[in-house]
Structure formats: C-alpha cells, structure tokens
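In case you want the letters, here they are:
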Amino acid sequence: MIMGPDGKIFFSIADRGTSTNLWSKIIDHWPGLTMEALADSGAVFRCNPDGSALEVIAIGLRNPQELAFDDAGNLFTGDNNGDGGDKARWEHIVEGADYGWRMGWQWLPKMGAWNSEMLWGLAPSNTSSYFLPPVAHIGAGPSGVAYYPGTGLPSRYDRHFFMCDFRGGPNSMVRSFALRPRGASFEAFDETEFINGFLCTDIEFGPDGGVYVSDWVKGWDKTDRGRIYRVSDPTQANSLTVIEVRKLLAEGFEKRTELELARVLGHQDMRVRLEAQWELAARAATSDAAFDRLTNSAEKGETKARLHAVWALSQLAQSARQPSATPKLRKRGEAARQKLWLRTGDPESEVRGHAAKLYWEAETSAGWFPDLITKPNPRVQLLALQGMAAAGKNLNLTPKGREFSSNAVILLRDVLRQNADADPYLRHAAVFALARIGDMKSLLAAATDASPSVRMGVCLAWRRMQRPEVAQFLADPDPSIVLEAARAIHDGPIPAALPALAKLLPDGNRNASASIRTFTLRRALNASFRLGGEANAKAVAAVAADATAPEAARTEALELLALWAQPPGRDHVVGSWRPLPARDGSVAAKALEPMLASINASTSTALKSVSAKAALALGLTRAPSVATGSGNQRVAQLATVLETGALADRQSALATLTTLNDAGATQLLGAWLDRLVSGQVPKELQLDVLEAAQNNQNVAHAAATRAALAKFESLRTAKDPLGPWRESLHGGNAEAGKQTFIERQDAACFRCHKINGEGGEVGPEMAGLGQRQTRESILESILFPNKNISPGFETVLVTLKNGNSHAGIIKSESATQLVINSPEDGPITIKKADLQARDRGLSSMPEELGNILSKRDLRNLVEFLSTLK
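Structural notes, computed from the coordinates. (Residues numbered from 1 in each chain as written. Predicted model: local features only at pLDDT ≥ 70, side-chain atom pairs only at ≥ 80, totals over all residues. Heavy atoms only, no water.)

### Remarks on the overall build of the protein chain
Consideration 1: The secondary structure content of the protein chain amounts to 34 helices and 22 strands.
Consideration 2: In the protein chain, buried positions account for 56% of the 869 residues.
Consideration 3: A separation of at least 24 residues holds for 60% of the contacts in the protein chain among residues at least 6 apart in sequence.
Consideration 4: For the protein chain, the centre of its 98 positive side-chain charges and the centre of its 97 negative side-chain charges are spaced 1 Å apart. (Helix = DSSP H or I, 4+ residues; strand = E, 2+ residues; numbered from the N terminus. Buried < 20%, exposed > 50% of the residue type's maximum accessible area, 1.4 Å probe, protein only. Contact = heavy atoms within 4.5 Å. Lys, Arg positive; Asp, Glu negative; His and termini not counted. Charge placed at Lys NZ, Arg CZ, Asp CG, Glu CD.)

### Notes on helix H34 (residues 855–866)
Consideration 1: Between its first and last C-alpha atoms H34 spans 16 Å; for twelve residues at 1.5 Å apiece the expected length is 16 Å, and the two agree.
Consideration 2: For H34, every residue scored as buried is listed here: Asp857, Leu858, Arg859, Asn860, Leu861, Val862, Glu863, Phe864, Leu865 and Ser866.
Consideration 3: Buried residues in H34 make contact with helix H25 (647–657), helix H27 (686–695), helix H29 (734–743), strand S16 (754–755), helix H31 (769–772) and helix H32 (775–783). (Expected span 1.5 Å × (residues − 1).)

### Details of the nonpolar core
Consideration 1: With 176 residues, the main nonpolar core has Leu38, Trp90, Met388, Val470, Phe473, Leu501 and Leu592 as its most contacted residues.
Consideration 2: A total of ten residues in this core trace back to one element, the largest contributor, which is helix H13 (residues 424–437).
Consideration 3: Leave out the neighbours within four places in its chain, and Phe473 touches Ala447, Arg455, Val458, Cys459, Trp462, Ile481, Val482 and Ala485.
Consideration 4: Residues Leu638, Val677, Leu685 and Leu709 belong to the second largest nonpolar core, which totals 25 residues. (Core = buried A, V, L, I, M, F, W, Y, C linked by side-chain atoms within 4.5 Å.)

### Things to note about the sheet that holds strand S14 (residues 211–215)
Consideration 1: An order of S13-S14-S15 is seen for the three strands of this open sheet, with the pairing classed as antiparallel. Sheet topology places strand S13 (200–205) and strand S15 (227–231) at the edges, where each strand pairs with a single neighbour. On average, adjacent strands in this sheet sit at an angle of 20° to one another, irrespective of strand direction.
Consideration 2: Bridge count for S14 against S15 is five bridges, and the pairing is antiparallel. Opposite Val213, over in S15, you have Tyr229 as the bridge partner. (Pairing = 2+ DSSP bridges. Axes fitted to C-alpha atoms, helices over the stretch in contact; angles between N-to-C directions.)

### Some remarks on the packing of H13 against helix H15 (residues 452–465)
Consideration 1: As a packed pair, H13 and H15 sit with axes 9 Å apart at the nearest point and diverge in direction by 55°. When the interaxial angle is binned, H13 and H15 end up oblique. As H13 runs across H15, the sense of the crossing is right-handed. On H15, the residues touching Arg427, His428, Val431, Phe432, Leu434 and Ala435 of H13 are Gly457, Leu460, Ala461, Arg464 and Met465.
Consideration 2: Looking at the contact of H13 with H15, its residues break down into seven nonpolar, two polar and two charged. (Parallel < 35°, antiparallel > 145°, perpendicular 65-115°, else oblique. Left-handed = near helix turned anticlockwise from the far one by under 90°. Nonpolar A, V, L, I, M, F, W, Y, C, P; charged D, E, K, R; others polar.)

### What about helix H20 (residues 551–562)?
Consideration 1: Taking 1.5 Å of rise per residue, twelve residues should cover 16 Å, and H20 covers 17 Å from first to last C-alpha, within 8% of that figure.
Consideration 2: Residues of H20 that are buried include every one of Ala553, Arg554, Thr555, Glu556, Ala557, Leu558, Leu560 and Leu561, and no others.
Consideration 3: Contacts from the buried residues of H20 go to helix H18 (514–531), helix H19 (534–545), helix H21 (586–592), helix H22 (596–600) and helix H23 (605–617).

### Structural notes on the layout of surface pockets
Consideration 1: Estimated volume of the second largest pocket: approximately 1,100 Å³.
Consideration 2: Residue lining of the second largest pocket: 49 residues in total, with Asp6, Lys8, Arg46, Gln318 and Glu361 positioned closest to the centre.
Consideration 3: When residues of the lining of the second largest pocket are assigned to their parent elements, the largest contribution, seven residues, is made by helix H11 (residues 378–393).
Consideration 4: Within the lining of the second largest pocket, the residues separate by chemical class into 22 nonpolar, 14 polar and 13 charged. (1 Å grid on protein atoms, 1.4 Å probe; cavity = no way out; pocket = protein on both sides within 12 Å on 5 of 7 lines; lining within 4 Å. Points joined across faces, edges and corners; volume = space filled by probe spheres on them.)

### So, the pattern of salt bridges
Consideration 1: In total, this model carries 60 salt bridges according to the counting rule given.
Consideration 2: Its salt-bridge partner being Asp288, residue Arg332 comes within 2.4 Å of it at the nearest N-O pair. Of this pair, Arg332 sits in helix H8 (residues 327–343) while Asp288 sits in helix H6 (residues 288–300), and the two are 44 residues apart along the sequence.
Consideration 3: According to the relative accessible area criterion, Asp288 is partly exposed, its value standing at 46%.
Consideration 4: Taken together, the shared-partner salt bridges in this structure form one network comprising Asp6, Lys8, Arg46, Glu55, Glu95, Lys357 and Glu361. (Salt bridge = Lys/Arg side-chain N within 4 Å of Asp/Glu carboxyl O.)

### Points about the side chain of Asp346
Consideration 1: When you line up the elements, Asp346 lands in the loop between H8 and helix H9 (349–362).
Consideration 2: Of the residues examined, Asp346 reaches a relative accessible area of 1% and is grouped as buried.
Consideration 3: Within the structure, Asp346 has its side chain in polar contact with the side chain of Arg343 (distance 2.8 Å).
Consideration 4: Within the structure, the side chain of Asp346 is placed 2.8 Å from the backbone nitrogen of Glu348, a separation counted as a polar contact. (Polar contact = N/O pair within 3.5 Å; in protein donor to acceptor, adjacent residues only side chain to side chain.)

### So, the packing of H18 against H19
Consideration 1: Interaxial distance between H18 and H19 falls to 8 Å at its minimum, and their mutual angle equals 150°. It follows from the interaxial angle that H18 and H19 lie roughly antiparallel. Of the two elements, H18 crosses H19, and the hand of that crossing is left-handed. For the pair formed by H18 and H19, the contact residues are Leu525, Ser528 and Leu531 on the first element and Asn536, Val540 and Val543 on the second.
Consideration 2: Residue classes in the contact of H18 with H19 are distributed as four nonpolar, two polar and no charged.

### So, the sheet that holds strand S12 (residues 185–196)
Consideration 1: Strand order in this open sheet of four strands is S9-S10-S11-S12, and the pairing throughout is antiparallel. The outermost strands of the open sheet, each flanked by one partner alone, are strand S9 (142–147) and S12. Taking the axes of each pair of neighbouring strands and ignoring which way they run, one obtains an average angle of 25° across the sheet.
Consideration 2: Judged from the nine bridges that link them, strand S11 (residues 173–182) and S12 form a sheet pairing that is antiparallel. The partner of Met173 across the bridge, within S12, is Asn196.

### Comments concerning the state of the cysteines
Consideration 1: Going through the model one piece at a time under the given rule, you end up with zero disulfides.
Consideration 2: Looking at the unpaired Cys200, the closest cysteine sulfur is the one in Cys164, lying at 4.3 Å.
Consideration 3: Residue Cys200 is classed as buried on the basis of its relative accessible area, which comes to 0%. (Disulfide = S-S within 2.5 Å.)

### Details of the side chain of Ser453
Consideration 1: As for its placement among the helices and strands, Ser453 is situated in helix H15.
Consideration 2: Using a relative accessible area of 6% as the deciding quantity, one classes Ser453 as buried.
Consideration 3: Beyond its immediate sequence surroundings of up to four residues, Ser453 is in contact with Leu416, Ala420 and Asp421.

### Some remarks on unusual backbone geometry
Consideration 1: Cis geometry marks the peptide bond from Ala123 to Pro124, where omega comes out at 5°.
Consideration 2: Position of Pro124 among the secondary structure elements: in the loop between helix H2 (112–116) and S9.
Consideration 3: With an omega of 0°, the peptide bond between Leu505 and Pro506 qualifies as cis.
Consideration 4: Checked against the element boundaries, Pro506 lands in the loop between helix H17 (498–502) and H18.
Consideration 5: For Asp83, which is not a glycine, the phi torsion comes out positive at approximately 60°.
Consideration 6: Within the secondary structure, Asp83 sits in the loop between strand S6 (75–79) and strand S7 (89–93).
Consideration 7: A positive phi angle is found at Asp190, which is not glycine, with a value near 55°.
Consideration 8: With a relative accessible area of 28%, Asp190 lands in the partly exposed category.

Next comes the structure, spelled out in structure tokens:
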C-alpha cells in the first residue's frame, strides 16, 4: 500500500488474487474492465483512507509487488515476468490502462501469443495496440520499490527509483535508475547496481536519511532467518536538511501553523511536502486561513509548492462532492474547483496538466479548455485527456452533456489523427476518453474517417465498450486494424461478433505481413473452432491446405481439427478457461480428409507430422491413397499403428479407439485388453489400454469389458504397495510432468523442492534424482512419503521436562544437543538432558497425492523426475 498525492490509498494485487466478490464493491466499472480480465490479471486499486470508494486503476499486470510515485505524481511498478522467456517490465501506471497480461498465457506452450506476438516487448517491437507497452525491462524479479524522497543520499540519486531485484540467489540486488520524459511517458537511464550480493526483498527510506533493505537470506521458500540492513552516506548524516527532515517527520504536522505548512509545501523532501499538503487540505475544509494559504501557494509558490497546492485543492473539491458534505464544504469545494481552473494556465507544464486533470475529475458540468489537449505538449495532453475521460463518466443526457460529448469526440479525433499512433500513452488516453463518453453516433461517424489512426482509436474504444460493431473493422484496408479487431472479438471476448471473425477464413488479412496475418488467422481459426459447425470445419481445413498461408497458421488449423471432438477447457489462443462441450468429430474428419493429399505434398516435415497426428486423432488414414474414411479402414490403420508405430502414435491410437463407436474398434480394443490381462502389452502402453477400456462407450460390449478389467485387477499382488499404480511407472510425457511439478498448485511440488537451485527448501533437491533412484522408488516417495524420509528432512516431535513441546525438521544433532527448525519459532537448540520424550514426526510432504493426481499425472511426473540428471 502507498498513499497517493491525492490522499487516497493505492495498492496492487497479483494475477491470482482478485475475488469475484469484489466486483460489486467497485464504484466504477470503466469500459474495458470485465470480471474475467480482473480475475485473470494483476491490478492496481485505489480507495479512500477509510476503505470506501474502491476503484480499479489498471489491469493486465502479472505480479506487481509494490508501487511508487515520483515527485510529479506519476505512478510506477515493477512487474514480474512469467518465467517463459519473457522479461520483467517496468510500468508507468495510468488510469484505465490494460497492460496485457492474462493468467491464461502461463498455461499455454511457450506462453502462446504472449511470447510469439511479443506482447511483453517494448515499443515498437510490441505488436499490440490495445494495451500499453512497458517503459523498460529492468531486472528479473521485481520486488520492493521506492522513490528517493530527496534527502539522505548524494545528489546523483535525485529523482531516482530503487528496486529490489529478487532472484532467489546471490545474484539478487537493489537497482537504481532514473526516468526522463519520452513523449507522454518516460524512458529509463542511469541504471546501476546500488547494493548487491544478498537476497533483497523490500526497500524503504527512513526518516533518518538511511535506506532500509530487508534480506530473505536464502532461496525462495520460508527461511529460518532474515535481516534488515541500513545503508547511509556518512557525509549526509549531519546535514541540516537531514536533521530538519528527521525532526519534522518525528513531530508531525497537526500542531503546525498554516504559515509553517505553506512554507514547507515546497520542501526538498517529498515526504515533508506531502504531509504538509494533506494537513492543509484537511484544514481548508473549515479554515479560511488554511484555504487562503493553499490558494496563495497555488498561485505564487515555487513549482513544487504549486503542484502540491493543486493536489490539495483537488482533495478539497473531491471531499465536497461526498453526500455527507455540509453546505459550507460544498461551497468551499466550488471555490477550490475555480482555483484549479485558474491553474490550467500555469507556466509549468506539470502544474498545468494536473490542474486540468483534477478539475475535470471534480467537475460534473464539464468545463471546456481544448487548447490543453491540442497543444503539442504530450505530458499536458496525457493529463488533460485523463481528466476528459473522468468528465465523460459524469455526463448525463442534458443538452449541455450531449453538446460536450459531440465536441469532445471531434477533439479526440484530432488528437488521434495528430498523434498518428506514435505515442501509445496518448492513444490510450484518447481511446479511454472516447469509451468513457460512449457517444455511439459520433463514434460511428469516426469509424469511417480517412485517417487509419482515428479508425484504430474507434476500434480500440469499441473493444473497451464490448460493442459488436467492432466487426466492421475486419474489412479495414489497414492490416493492423484488422488484427486489433480480431483481438478485440476473440481475446476480449465479444461473443456476438465471433461469427464475423470466423468468416475471415480462409483469406483474412491476406495483404498483411506474414506475422500479422498469422496473428489474425490464429483468432479467426479459433473462432471457427469455437463455433464448431460443418462450414467452420471446412474453413479451418482450407487454411491447413492453403500453401500460401503462413506455416504457423496451417499448423494451428491442423491442431484445432485434431481437438474438434473433445475441445480442451482452456482456450487455444489466450489460455483462459472457456470450456466447450464434447461434439461430433466427424465434421472435422470430413473437412480434413479431402485436404490431406495437398497437405502431405508440402515440403515441410513439421507440417506433415502435425497432419499425420491430426489424421490419426480423427480416425483418418495417413496415406491419401487409402484415406477412404470408412470405419473398417480406420480401425485397420489404427491396428497397424498399434503394432508398428512410435510410442506417442500408439498411445494416441488407443485414445482414438474410444472415440469410434464402432464394432471393429471395440473388438480391437478388446483384443488389446486381453493381451494386457495375459501380460503381453508393453509397460509403456499398459495405462493407455486400461484408460481406453474404461472410457469405451460401446454398450454392446460393456459387460465383456468390465469382466476383463475385473480379471486384470484381480491379478495385482495384494502385498505390493505400488500394485494399483504400477502402470504409471512407464510411458509418461516428461514435459507434461514438468508442468505438473512446477504449475499444479494442488500438488505444490515446486514450492517445497528445488531443481538445480530453483524452488523451495522444504524437501530435498531434485536434480540428479533419475541417477539416484529407480522409477519404483520415485513413485513410492510420491505416494508414501513417510516410508523413507530423506536425510536432513526428518521431522521430530519433542516434549521437554518443563512441559513445553516443539515440532520441526532436524537441522543438526550431536551427542548433547538437538537443533530443529520449527515453523512457529524458527531454529531452536535443545539440550538432550532437557528432553522428556522424542517422537518421529511425519514427512512434510502430504500423503494424499495419490488422490489428487490421476494415474496419468503420476506417470508424467515419474517420467519427468526420472529424466533429471
């Protein structure tokens, strides 16, 4: 949490934290804010100090652990990467912004479009227009963040940020860097290592001029110790300014006179300025003297004092709008708004811009000063546009409101045209204002503007407003606008426009570059997949067979056809949970079958491989010459694959048999089940045969199948503890097992175990496990962790003669004493002479993984762990 210059509390949350129950408590659901997006991404919130008036400021972050304001009121955070090849992002947080991250990206291979479309990249490598690119890539593990308040360190650190780059090892460090204006936002420079060599997690500036840094000491999981360091400059310790700041902050500001408060409103230390501002704002509600001091500082003070006075006037104007405001406070608020209006002509751009923004935020009747928006000062433009967006939400259907909205849209069109997509922050602010105002009549007119930048702005505004009219941009002559329309409809999503997106196939965005066309086709393909009709399947197959289409799109088309009958719960493109029901896969088979010959004529080995897998999944033959599609020939092909194919193909063939409600398929499956009972099935296929038999839906053979399965179960050795799980020892997918180990929160393997130094410390290191243990012992350790506990990870329960008791992991033991690491008390040294009783405890690893993980999950996990060399 951090107190903003507006007197409100700002706080951040990561992408797994926002509850759906919060939705009803948010006072402003701005255009583009959906519960799905909020629940699937990190966000920044704002509220009053008493917790009321909760607002969402921004979404689309992954894991922003702390926020920091600079001395001009700009908000920033360091956002952690997704550990999939992307980089950590330093973000300039502006109201209403989306920064692109969705939790679903992390569930996709190589994080899907997040990586392939460079959605985490800096401008201009970032291919998106609908969200803001980061200011910089700084560090790898952003944690605590602080802005230098202005006293205590040498002047070279003026206006610098400090960020803890926590990496779980000794390469962690505190980074220092500064920002300078670049358009409406900033660019980073002067990045240096301030302190390194320890696992820093948070940083704060003390009132004594020192920098305080916390140290996690070791690893990622909870440790048995921690430290706090103080870093200071001896030459600054006795400076008059540091002594003054320490005194001011210690004594507080409640008892100071209005004159004293006004004098320090321009102080060198930002903390002093803010405290004085907040105290003056609180007094000015009832005190004429305090209000006069504020207005005098706003008009005649130095730049810093004028800026803080403007913020204080805004606090006063905002409090006057509360329902509980007294008549005197409402009158005082109106006077504060008029003073803000006057400061829109201030000679300093930051003061001018903030005055415009804050005036509009507090003004319900919507005043007018278009010159601030059209004059070429991007910082003033950004702030004034944000204010216009705030005014837009307060509009009503009065004649004055309608007049404002139509004039505002004309002005915003000019901003978009002049900006020409050069500054993404100005584009965002204009788009947010357009969406806030929501004047559809004016937007429909702007949608045909000759300027592609204006049309792009309308497209992005309609995305925010979730308007199906965005589909008209699928026919735009500008390929980048077509792509953003496709993203809006698919990723948003805007379900009503999904059929229009599907109709882009097979020729959609053909004039675009290969990458933009791929990104567009990816969404059109998935739209067709989600709609699932016969015509949709044919359109997807047509892309697969189109030799002029990008190979990535053709591959994606084949993958979707293979999944047609049993769609995964997670969306193929964005990874969000958007489940579809099971459906008839024959429409996909019929669509692909006539295309196989042209696809297999490709020179691409990778494409032909995916084609073969799709044909197999759909029950089609691999070779075009025998691909007649009849049931018997499909079964014959599957029988051949089961005898001679590679392991992955044989496993896929067994899964395919369960989708064919065909007597021949059931007979083939029955034959393999008989082979399983007689011990003639390779160990890598045993689980697949069992699952295929259990999933077989052919009612006519249900009794025979149950009898064979019962016979197989009866052959298990009762005294073999691994008996019910032995088919999980071989044939797994190591990559899927890795995903289970690292990502499955219910299993929580990675939270307790390290792999080559990465992970938790509760259990032993996994690197080299495949060389130390057999598959049987690995599986046994997963299912029965208490049978053999690794040395150094035994837990113990001790009762002392004085009646106290402790539980923990044994860290060391000698002839006279025992050292245990207690979760409650940390390291405890116990004299053995003081022991009353000592009992062996259970493993910290849960016994119920056999119930949490399926046999297939276990098989994949064993395969992965056995490969760790």
